[in-house]
Amino acid sequence: MPETSVAHFYDELAEDYHLIYPDWDASIRRQGDALDALIGQDRAKVLDCSCGIGTQAIGLALHGHRVTGTDLSPRAAARAGREAARRSLSLSTAAADMRRLPFPDGRFDVVVCADNSLPHLLTEEDVHVALAAMRRVLRPDGLLLVSTRNYDDLLRNHPVSTLPQVHRTADGGERTVTFQLWHWHDDGEHYDLEHFQLLPAGGEWRVKVRRTTYWSLSQDRLAGLAAEAGFADVRWRMPQETGFFQPLLVARADE
């Protein structure tokens, strides 16, 4: 899959991305709280290398961390900056590929790559390159936080769709419905995703469909790739433990 197609997917989704959440601001706060508890220090220098429209980056900035956000999608990164400014927060954003992070070695205390972003990379080589880039920009003993879907379960069951999510406007009136259809490849690991949004349009529904591809990385496999890329103390923390909505790989940059 050409890498530009992932940027296109998120460029097209950027203005509507908040509609996948029943309450985006509540999700920002919950995810920021969970990640801040794992960081465990004040005013950390954090790179969110897949910041999207800012869900995790804004949540961490609300806790006083010094956050930089990058994303493959220029439109998503730009919106993250606007959303932070609207909340009177400082958030520097830029378009960048997580495999080629434009920062000097050892710049950050923490690197975050959340919300199933890493599995857009479809080969072990690309995942290793991205993890090595994250390791490079971390200080020695710096913290890595990567979240993915629970692929250990999904690889057993190979679901073909997600449950619909309903977003309501603040007055409880208009609704937007979001769901996904999954088409698994013959290898049983990769899948094409069709992302559907049904938006209200004068008593009718307007449908938007965007398409992309993921690689369902098992937890053991991703942990092994992280170790090969220079991380130590690699472990998985589950949602019931952290309060974060996805499993989190937590690791330290090897000294």
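Residues numbered from 1 in each chain as written. Predicted model: local features only at pLDDT ≥ 70, side-chain atom pairs only at ≥ 80, totals over all residues. Heavy atoms only, no water.

## Considering helix α7 (residues 219-228)
Of the positions making up α7, those classed as buried are Gln-219, Leu-222, Ala-223, Leu-225 and Ala-226. Buried positions in α7, seen along its axis, are confined to an arc of 160° and lie on one side of it. Projecting away from the buried face of α7 at angles above 90 degrees are the exposed residues Asp-220 and Glu-228. Those residues of α7 that are buried lie in contact with α5 (124-137), β5 (138-147), α6 (151-157), β10 (231-237) and β11 (248-253). Gly-230 sits one or two residues past α7 and shows a positive phi near 105°. (Buried < 20%, exposed > 50% of the residue type's maximum accessible area, 1.4 Å probe, protein only. Helix = DSSP H or I, 4+ residues; strand = E, 2+ residues; numbered from the N terminus. Arc of directions from axis to C-beta. Contact = heavy atoms within 4.5 Å.)

## A look at the side chain of Asp-115
Take Asp-115: it is sitting in the loop between β4 (108-113) and α5. Setting aside anything within four residues of it in sequence, one finds Asp-115 in contact with Tyr-17, Tyr-21, Gln-56, Ser-147, Phe-245 and Gln-246.

## Considerations on unusual backbone geometry
The backbone phi angle of His-158 is positive, close to 45°, even though this residue is not glycine. Secondary-structure assignment places His-158 in the loop between α6 and β6 (165-168). Of note in the backbone geometry, Asp-233 takes a positive phi value of approximately 50° without being a glycine. Relative to the assigned elements, Asp-233 resides in strand β10.

## Describing the packing of aromatic side chains
By the definition in use, this model includes 11 aromatic pairs. Their ring planes at 25° and their centres at 5.6 Å tell us that Tyr-191 and Tyr-214 sit as a pair that is stacked. Pair noted here: Tyr-191 is in strand β8 (residues 190-201) and Tyr-214 is in strand β9 (residues 204-215), with a separation of 23 residues, a long-range link. Each member of the pair, Tyr-191 as well as Tyr-214, is classed as buried. (Phe/Tyr/Trp six-rings, centres within 6.5 Å; stacked < 30°, edge-to-face > 60°.)

## Thoughts on the sheet that holds β9
Pairing is antiparallel across the open sheet formed by four strands, whose spatial order is β6-β7-β8-β9. With partners counted over all chains shown, the strands left at the sheet margins are β6 and β9, one partner each. The average angle at which neighbouring strand axes cross in this sheet is 20°, direction not considered. Note that β6 and strand β7 (residues 175-184) share four bridges and pair antiparallel. Within β7, the residue paired with Gln-165 across the bridge is Thr-178. (Pairing = 2+ DSSP bridges. Axes fitted to C-alpha atoms, helices over the stretch in contact; angles between N-to-C directions.)

## Things to note about the nonpolar core
Counting 44 residues, the largest nonpolar core has Ile-39, Val-46, Val-110, Val-112 and Leu-145 as its most contacted members. Ignoring anything within four residues of it in the chain, the contact list for Val-112 reads Leu-35, Val-46, Leu-47, Asp-48, Cys-49, Ser-50, Leu-60 and Leu-145. (Core = buried A, V, L, I, M, F, W, Y, C linked by side-chain atoms within 4.5 Å.)

## Thoughts on the sheet that holds β10
The sheet built from seven strands is open, its strands ordered β3-β2-β1-β4-β5-β11-β10 with mixed pairing. Each edge of the open sheet is held by one strand with a lone partner, namely β3 (92-95) and β10. Each neighbouring strand pair of the sheet contributes to a mean axis angle of 15°, computed without reference to strand direction. Along the sheet, helix α2 (residues 24-39) contacts β1 (45-48), β4, β5, β10 and β11; its crossing angle with β5, the most-contacted strand, is approximately 150°. Sitting on the sheet, helix α4 (residues 74-86) touches β2 (66-71) and β3, and the angle it makes with β3 is about 170°.

Any link to function would need more than the numbers given here.
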